[in-house]
Amino acid sequence: MTEMDRILWMDVENLTVHVEAGIIGQDLERKLAEKGFTSGHEPDSLEFSSVGGWIATRSSGMKKNVYGNIEDMVVRMKMVTPRGTLGRNFLGPRNSIGPDIHHFMLGSEGLLGVVTEVTLKIRPLPEVRRYGSLVFPSFEPGVAFMREVARQRCAPASIRLMDNMQFQMGQVMKPAASFWKAAVDSLKKIYVTKFKGFDPDQMAACTLLFEGTPDEVAIQEKRLYDIAAMFGGIPGGEENGERGYLFTFVIAYVRDLGFDYSFLSESFETSVPWSRVVELCRNVKDRVQRECEKHGITYPPFNSCRVTQTYDAGACVYFYLAFNYTGVSDPIGAFSEIEAAARDEILSSGGSLSHHHGVGKLRKKWVQDTLSTPGVQMLTAIKKEIDPTSIFGCRNLLPSQ
């Protein structure tokens, strides 16, 4: 697939691009930008993941509020299966021809075949791209703000709420400042903590990304900051917004660096109704803390969450877990059990099995309860019909595989 990385054609009138599925996200974006366009799909893994991978895992990007998730962006695709090439032979924006066969391919995780070609929607590059940030006295009013933004359907390209632990981590990782900038930052801190009364151990931060015309961005900014004020939020500046947005791409490298210092870490995610966001976050973090103590983790874990995508009826919540395994006899086993306990807590608190990371092998033991027995039987029947000898025997997704 690494050789199947070409843009085959671009249709400027209909705003579509047809690509080979092996093309890497950042390469696609670079080539589109040279022509003045973008797909707008920006997952954390943009520099490594391929378009075919986006399809196979049912990917979601940081700017889905404007551009949609991958299922919203696909116009047509082809998958090579043991029974032949699966796909539809028209480029219309919608159809009513029974169940959509695209949804057999989206999220199939390699079970049915290999995605080879994809037609995606594209858009002209935005005239303005501007970052922003907000600070809230605690996580709860930040969630209430996010809920109101979703209710009013005025979310910018990206809006992400970090809890206090991630907020503090972001502060620690700031680059060294000049004397004058350090002085200004100190005055800002005094204003927030002394005059506004924010507790540094409770504060939450929200990063924003606005895209559009100058007028559109100006209107969005005013509307968002006005809503934030209703929930006690105050502007945190463009620089902090950009740093927080880019930190999402950096965090995987921080994880890898931690291996050299006896740290294990990973992220996991879910989607959940708005009414249960705060409860789920609290329950999962409490469960992770108890499980770490149970497994003899000596030092306090990095146990954090953020709300990353908003919908009318709910949100995506990301969790980050890291701990120092010094003195733990079986670190891998301990980590696996802690993560599994966290997933149990997510499900019991009303969350989904996954929002966009997929199932793979680690989570497939929960699929039966999540999709129902007939649902799993239906997926299994499709697998047997399309791939009767299990040529694509990757053993993902289905509990019986």
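Residues numbered from 1 in each chain as written. Predicted model: local features only at pLDDT ≥ 70, side-chain atom pairs only at ≥ 80, totals over all residues. Heavy atoms only, no water.

Further remarks concern the sheet that holds strand β11 (residues 234-235). The antiparallel open sheet is built from seven strands, whose spatial order is β11-β8-β10-β9-β13-β14-β12. Strands with a single pairing partner mark the edges of an open sheet, and in this sheet they are β11 and β12 (263-273). In this structure, strand β8 (residues 128-136) lies alongside β11, joined through two bridges in antiparallel fashion. Within the sheet, the bridge partner assigned to Leu 134 lies in β11 and is Pro 235. Across the sheet, helix α6 (residues 139-152) is in contact with β8, β9 (158-162), β10 (204-212) and β13 (302-310); its angle to β9 comes to roughly 160°. Helix α11 (residues 277-294) contacts β12, β13 and β14 (314-324) of the sheet and is inclined by roughly 15° relative to β14. (Pairing = 2+ DSSP bridges. Helix = DSSP H or I, 4+ residues; strand = E, 2+ residues; numbered from the N terminus. Contact = heavy atoms within 4.5 Å. Axes fitted to C-alpha atoms, helices over the stretch in contact; angles between N-to-C directions.)

Moving on: the sheet that holds strand β1 (residues 7-11). Within a sheet, neighbouring strands are paired by backbone hydrogen bonds and run either parallel or antiparallel to one another. Spatially, β1-β2-β6-β4-β5 is the arrangement adopted by the five strands of the open sheet, whose pairing is antiparallel. At either margin of the open sheet sits one strand with a lone partner, and together these are β1 and β5 (84-86). Between one strand axis and the next, the sheet turns through 10° on average, direction left out of account. Pairing between β1 and strand β2 (residues 16-20): four bridges, direction antiparallel. Residue pairing for β2: Met 10 is matched across the bridge by Val 17. The strands that helix α1 (residues 25-34) touches are β1, β2 and β6 (114-121); relative to β1, the one it contacts most, it runs at about 45°.

Okay, the packing of α6 against helix α9 (residues 214-230) next. Running from N to C, α6 and α9 point in directions that differ by 135°, and their axes come no closer than 9 Å. Between α6 and α9, the angle falls in the class oblique. For α6 against α9, the interelement crossing comes out right-handed. Residues Phe 145, Glu 148, Val 149 and Gln 152 of α6 pack against Arg 223, Leu 224, Ile 227 and Ala 228 of α9. Residues belonging to the contact of α6 with α9 are distributed by class as follows: five nonpolar, one polar and two charged. (Parallel < 35°, antiparallel > 145°, perpendicular 65-115°, else oblique. Left-handed = near helix turned anticlockwise from the far one by under 90°. Nonpolar A, V, L, I, M, F, W, Y, C, P; charged D, E, K, R; others polar.)

The next point concerns the pairing of β10. The buried count for β10 comes to nine of nine residues, which makes it a mostly enclosed element. In β10, alternate side chains face the same way, and those of Ala 204, Cys 206, Leu 208, Phe 210 and Gly 212 on one face and Ala 205, Thr 207, Leu 209 and Glu 211 on the other are all buried. Bridge count between β9 and β10: five bridges; the pairing is antiparallel. Each bridged residue has a counterpart across the sheet, and for Ser 158 the counterpart in β10 is Leu 209. (Buried < 20%, exposed > 50% of the residue type's maximum accessible area, 1.4 Å probe, protein only.)

On to a nonpolar patch on the surface, then. A cluster of nonpolar side chains, contributed by Leu 8, Trp 9 and Leu 91, occupies part of the molecular surface with about 230 Å² of accessible area. Along the chain, the position of Leu 91 falls in the loop between β5 and α5 (102-105). (Patch = residues over 30% accessible without salt bridge, like charges linked within 9 Å, V, L, I, M, F, W, Y side chains within 5 Å. Areas by Shrake-Rupley, 256 points an atom, 1.4 Å probe, with all protein chains shown as cover. Salt bridge = Lys/Arg side-chain N within 4 Å of Asp/Glu carboxyl O.)

Moving on: the packing of α11 against helix α12 (residues 331-348). The interhelical angle for the contact between α11 and α12, taken along N-to-C directions, is 155°, at an axis separation of 9 Å. Judged on the interaxial angle alone, α12 and α11 are roughly antiparallel. With respect to the hand of their crossing, α11 and α12 are arranged in right-handed fashion. For the pair formed by α11 and α12, the contact residues are Leu 280, Asn 283, Val 284, Arg 287, Val 288, Arg 290, Glu 291 and Cys 292 on the first element and Ile 338, Ala 341, Ala 342, Glu 345 and Ile 346 on the second. Of the residues belonging to the contact of α11 with α12, the class tally is eight nonpolar, one polar and four charged.

Once that is clear, we can look at the pairing of β6. Where burial is concerned, most of β6 is hidden: six out of the eight residues are buried. Judged from the five bridges that link them, β2 and β6 form a sheet pairing that is antiparallel. Looking across to β6, one finds that His 18 is bridged to Thr 119. Relative to β6, strand β4 (residues 74-81) runs antiparallel, the two being bridged by six bridges.

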